Amino acid sequence: MIDIILVVLFCYQINRMAHERGLASMPFVLNYLAIFFLAMIAFVSLLISYMGKNVLQTPEGIKAAMMFEPFAIMFEIFLFIYFRKKIQRAKVYNGNEDDFTPPPSSPNNKPKKDLSYFR
């Protein structure tokens, strides 16, 4: 239950931070959700393959699953920190910036031939 509360809270925070920076928030939120759900599916599949398909119906299986809950919460927090840093490092484009600089001419450029006699 705490996982779902943290996911909702972190998605809200990612959305808010992206809007403050002027970025589209949907890619960040969807990537966060996708990575979280894929990691949880991978964890559950590993748990089922290791303990059997009735793992969550026995007290030992529930205890084994709860032993890994702190690691799942740490994964959520580190994933949120990763996306927070990604939002902070994203370059924001302002439409008024006009800083075009032409590429420098290289010394290997030969002068062009005069082809005016073909006219």
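See above for the structure.
Residues numbered from 1 in each chain as written. Predicted model: local features only at pLDDT ≥ 70, side-chain atom pairs only at ≥ 80, totals over all residues. Heavy atoms only, no water.

A.B. asks: I'd like to hear about helix α3 (residues 59-67), residue by residue, with values.
C.D. replies: Since the α-helix turns once every 3.6 residues, residues separated by three or four places project in the same direction. Those residues of α3 that fall on the buried side of the exposure criterion are G61, A64 and A65. Viewed along the axis of α3, the buried residues span an arc of 100 degrees, placing them on a single side of the element. Turned more than 90 degrees away from the buried face of α3 sit P59, E60, K63, M66 and M67, all of them exposed. In this structure, the buried side of α3 is in contact with α2 (26-51) and α4 (69-89). (Buried < 20%, exposed > 50% of the residue type's maximum accessible area, 1.4 Å probe, protein only. Helix = DSSP H or I, 4+ residues; strand = E, 2+ residues; numbered from the N terminus. Arc of directions from axis to C-beta. Contact = heavy atoms within 4.5 Å.)

A.B. asks: How would you sum up the layout of surface pockets? Please name residues and give values.
C.D. replies: In this structure, the largest pocket occupies an estimated 250 Å³ of space. In terms of lining residues, the largest pocket is bounded by 14 residues, among which F43, V44, L56, A65 and E69 are the most central. Elements supplying a minimum of two residues to the lining of the largest pocket: α2, α3 and α4. Of the residues forming the lining of the largest pocket, the biggest block, 5 residues, is contributed by α2. Along the lines of polarity and charge, the residues of the lining of the largest pocket split into 12 nonpolar, no polar and 2 charged. (1 Å grid on protein atoms, 1.4 Å probe; cavity = no way out; pocket = protein on both sides within 12 Å on 5 of 7 lines; lining within 4 Å. Points joined across faces, edges and corners; volume = space filled by probe spheres on them. Nonpolar A, V, L, I, M, F, W, Y, C, P; charged D, E, K, R; others polar.)

A.B. asks: Residue-level account of the packing of aromatic side chains, with values.
C.D. replies: Under the defined criterion, the tally for this structure stands at 7 aromatic pairs. Ring geometry for F10 against F80: centres 4.5 Å apart, planes inclined by 15 degrees, an arrangement best described as stacked. Of this pair, F10 sits in helix α1 (residues 2-21) while F80 sits in helix α4; the two residues are 70 residues apart in sequence, bridging distant segments of the chain. F80 shares its class with F10; the two are buried. Here the aromatic rings of F68 and F71 are separated by 6.3 Å at their centres, their planes lie at 45 degrees, and the arrangement is tilted. An aromatic cluster of three or more residues is present, and its members are F10, Y32, F80, Y82 and F83. (Phe/Tyr/Trp six-rings, centres within 6.5 Å; stacked < 30°, edge-to-face > 60°.)

A.B. asks: Quick rundown of the side chain of D3? Include the residues and the values.
C.D. replies: Its place among the elements puts D3 in helix α1. Leaving out residues up to four positions away in the same chain, D3 has contacts with F36, E69, I73 and E76.

A.B. asks: Quick one: what's the story with a nonpolar patch on the surface, residue by residue and with numbers?
C.D. replies: Together, M67, F68, F71, M74, I77, F78 and I81 make up a nonpolar patch on the protein surface, roughly 680 Å² of accessible area in all. Among the elements that take part in the nonpolar patch, α4 stands out by supplying 5 residues, more than any other. Along the chain, M74 falls in helix α4. (Patch = residues over 30% accessible without salt bridge, like charges linked within 9 Å, V, L, I, M, F, W, Y side chains within 5 Å. Areas by Shrake-Rupley, 256 points an atom, 1.4 Å probe, with all protein chains shown as cover. Salt bridge = Lys/Arg side-chain N within 4 Å of Asp/Glu carboxyl O.)

A.B. asks: Provide a residue-level description of the packing of α2 against α4, including the pertinent values.
C.D. replies: Contact geometry of α2 with α4 gives a least axis separation of 11 Å together with a crossing angle of 155 degrees. On the basis of the axis angle, α2 is roughly antiparallel to α4. In terms of crossing hand, the pair formed by α2 and α4 is right-handed. Only A72, F75, E76, L79, F80, F83, K86 and I87 of α4 make contact with α2, whose side of the interface consists of F28, N31, Y32, I35, F36, A39 and M40. Taken together, the residues that form the contact of α2 with α4 break down as 12 nonpolar, 1 polar and 2 charged. (Axes fitted to C-alpha atoms, helices over the stretch in contact; angles between N-to-C directions. Parallel < 35°, antiparallel > 145°, perpendicular 65-115°, else oblique. Left-handed = near helix turned anticlockwise from the far one by under 90°.)

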